[in-house]
Amino acid sequence: MIMEKRIIHIDMDAFYAQIEQRDHPDYRGKPVIVGGRSQSRGVVATASYEARKFGVHSAMPTRTAYKLCPDGIYVRPRFDVYKSVSKEIMDVFLSYSELVEPLSLDEAYLDITHLVSRERTAKSVALNIQRDIFEKTHLTSSSGISYNKYLAKIASGMNKPKGTTVIHHGNVMEILKAMPIGKFPGVGRVTEEKMKSLKIFNGEDLHGWDEADLVREFGKRGSSLYRKARGIGTSELNVDRVRKSVGKETTFDHDVNDDEYILKVLEELSHKVSENLDRRQFAGRVVTVKLKTHDYKTHTKQMMTTNPIFKGDEIFHYAYNLYHEVKEPEEPIRLIGVTVSHLEERSYRNLTIYDFL
Ligand code: DCP
Ligand code: MG
């Protein structure tokens with residue numbers, strides 16, 4: 001018999017805002033809005049729970065937030081701090097399980113099947129993880145526990161902040177049926193509108209649809225939605241996302257020492273790496289150039305980028321500099337390669353830095 005898995009989804013509460021409140025005691029208990037301060041083009045990254053009472057939320061123009069909450073404390077994000085907190089959290093996760101799939105700086109899935117026994121419930125594991133995070137960072141989080149990923153994620157959002165919620169076979173249908181359609185993972189704004197026009201307002205309405213009809217209306221996603229309405233989803237974690245890297249290399253037919261030619265190849269390789277990152281919607285923070293000399297010695301040099309990158313020209317920009325650092329002028333090479341690592345999922349979370357200026 002295949003044992004059902006136990007998946008925990010952990011998500012920090014009002015992540016950036018909570019860190020600001022932690023580091024500035026005078027912000028505590030007050031509406032704190034983290035984001036771009038520009039009245040014309042700034043957006044809210046997140047808001048403390050106190051600020052949310054005024055209707056302020058992520059992705060809202062700062063201008064709107066000011067109107068809703070004129071007395072709020074508006075602060076710029078400190079990404080470096082958030083990143084280092086994120087590392088601390090990830091270390092806690094890894095102390096419980098090797099099977100960790102980070103989704104962004106403040107959330108991850110953990111497969112903790114191996115830790116569960118008659119004496120130890122998945123819920124108690126989740127509580128321990130939340131306690132450890134608090135001890136290490138003085139920040140609160142919420143967790144969701146279930147037998148697959150998307151249910152665990154739904155669960156973690158159900159009792160925020162400081163929640164610990166279990167979705168099991170006994171309560172799953174009740175929860176899904178009552179859930180507004182826009183809250184289903186994978187249902188964005190556009191799909192939500194379309195759902196509503198089809199009179200699908202919640203999980204129960206969705207449950208009433210045949211798979212074939214959903215596929216006709218929503219394409220491949222229709223099948224996935226059909227399953228999601230029934231509590232069916234994957235419990236396989238994408239564990240090597242952290243380690244993952246994308247690299248391309250070329251071995252020359254002959255040893256080569258023509259910079260212009262090698263750089264042309266390096267540029268092509270950079271664009272190939274970019275295409276691969278694009279396909280998977282990843283961006284990376286470390287660029288490595290590798291070369292093998294005519295006598296089979298390998299030399300590498302790497303560099304951290306200021307922001308996660310994925311564009312071919314950006315990758316080549318770093319690769320170009322690295323190449324000049326690592327290549328000995330007199331030494332022909334037989335292989336050149338470029339790799340982007342420290343990948344993260346590409347999203348508003350790491351790409352709108354300009355919105356915060
Ligand atoms: N974030 C952002 N822009 C968004 C959404 C989020 O910059 N549109 C950033 C700020 C958040 C962090 O990502 O603090 C984590 O996102 P979450 O969606 O988990 O939101 P919070 O952690 O802020 O709040 P919650 O308690 O609802 O999880
Ligand atoms: Mg969060």
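Bear in mind that the values here come from a model prediction, so they are computed numbers and not experimental data. (Residues numbered from 1 in each chain as written. Chains lettered and ligands numbered in written order. Predicted model: local features only at pLDDT ≥ 70, side-chain atom pairs only at ≥ 80, totals over all residues. Heavy atoms only, no water.)

**Q** Give a description of the coordination of the magnesium ion (ligand 2) that names residues and reports values.
**A** Each pair of donors in an ideal octahedron of six around a metal sits at 90 or 180 degrees, and each pair in an ideal tetrahedron of four sits at 109.5 degrees. Protein coordination at the magnesium ion (ligand 2): the donors are Asp-11 (OD), Met-12 (O) and Asp-106 (OD), at 1.9 to 2.3 Å from the metal. Considering all 6 donor atoms around the magnesium ion (ligand 2), the spread of angles at the metal, 80 to 177°, places the coordination shape in the octahedral class. (Donors = N, O, S within 2.8 Å, 3.2 Å for Na, K, Ca; no water. Tetrahedral: all angles 85-135°; square planar, octahedral: opposite > 155°, others 65-115°.)

**Q** Give a description of the UniProt feature "binding site: Mg(2+)" (unreviewed entry) in the chain that names residues and reports values.
**A** Within the UniProt annotation, "binding site: Mg(2+)" (unreviewed entry) is assigned to Asp-11 and Asp-106. These annotated residues cover 96 residues of sequence, and their C-alpha atoms all fall within 5.7 Å of one another, placing them together at a single site. For Asp-11, the location among the structural elements is in strand E1 (residues 7–12). Judged by relative accessible area, which is 14%, Asp-11 ranks as buried. Once residues lying within four places of it in the same chain are set aside, the contact partners of Asp-11 are Asp-106, Glu-107, Ser-141, Ser-142, Ser-156 and Lys-160. Structurally, the position occupied by Asp-106 is in the loop between strand E5 (100–104) and strand E6 (107–111). A residue is classified by how much of its surface remains accessible, and Asp-106, at 9% relative accessible area, is buried. (UniProt positions renumbered as here; feature names shortened; annotations may be inferred. Helix = DSSP H or I, 4+ residues; strand = E, 2+ residues; numbered from the N terminus. Buried < 20%, exposed > 50% of the residue type's maximum accessible area, 1.4 Å probe, protein only. Contact = heavy atoms within 4.5 Å.)

**Q** An account of the sheet that holds strand E11 (residues 298–309) is requested, with residue identities and associated values reported.
**A** Spatially, the 4 strands line up as an open sheet ordered E9-E12-E10-E11, and their pairing is antiparallel. Of all strands in the sheet, those with a lone pairing partner are strand E9 (246–256) and E11, marking the two edges. With direction set aside, neighbouring strand axes in the sheet form an average angle of 15°. Where strand E10 (residues 282–293) lies against E11, 8 bridges are found, and the strand directions are antiparallel. The residue bridging Lys-290 from the neighbouring strand is Thr-300, located in E11. Sheet strands touched by helix H13 (residues 312–326): E10, E11 and strand E12 (333–345). Its angle to E11, the strand with the most contacts, is close to 145°. (Pairing = 2+ DSSP bridges. Axes fitted to C-alpha atoms, helices over the stretch in contact; angles between N-to-C directions.)

**Q** Residues and numbers for the pairing of strand E2 (residues 32–35), please.
**A** Side chains Val-32 and Val-34 project from E2 onto one buried face, and the interleaved Ile-33 and Gly-35 project onto a second face that is buried too. Inspection of the sheet shows E2 paired to strand E4 (residues 73–75) by 3 bridges, in the parallel sense. In the sheet register, Ile-33 faces E4, and the bridge partner there is Tyr-74. Pairing between E2 and strand E3 (residues 44–47): 3 bridges, direction antiparallel.

**Q** Go over the environment of Asn-148 with me, naming the residues and quoting the values.
**A** Tracing the backbone through its elements, the reader meets Asn-148 in the loop between strand E7 (141–146) and helix H6 (149–158). Overall, the relative accessible area of 1% leaves Asn-148 in the buried class. Distance in space between the C-alpha atoms of Asn-148 and Pro-180 is 20 Å, their sequence separation being 32 residues. For Asn-148, the contacting residues outside a window of four places in its chain are Ile-7, Gly-231, Ile-232, Gly-233, Thr-234 and Ser-235. From its side chain, Asn-148 meets the backbone nitrogen of Tyr-150 in a polar contact 3.4 Å long. A polar side-chain atom of Asn-148 sits 3.0 Å from the main-chain carbonyl oxygen of Gly-231. (Polar contact = N/O pair within 3.5 Å; in protein donor to acceptor, adjacent residues only side chain to side chain.)

**Q** An account of the packing of aromatic side chains is needed here, citing residue identities and associated values.
**A** As enumerated under the stated definition, the model contains 8 aromatic pairs in all. Both rings, one in Phe-15 and one in Tyr-82, keep their centres 6.4 Å apart while their planes meet at 55°; by these two values the pair is tilted. Residue Phe-15 is located in helix H1 (residues 15–23), and its partner Tyr-82 is located in helix H4 (residues 79–96); the two are separated by 67 residues in the primary sequence. Tyr-82 shares its class with Phe-15; the two are buried. Where Tyr-66 meets Tyr-74, the ring centres are 4.0 Å apart and the plane angle is 25°; that geometry is what we call stacked. Here the aromatic cluster, defined as three or more aromatic residues joined through ring pairs, consists of Phe-15, Tyr-16, Phe-79 and Tyr-82. For the cation-ring pair, Lys-194 lies above Phe-218, with the distance from its terminal atom to the ring centre recorded as 5.0 Å. (Phe/Tyr/Trp six-rings, centres within 6.5 Å; stacked < 30°, edge-to-face > 60°. Lys NZ or Arg CZ within 6 Å of the ring centre and 35° of its normal.)

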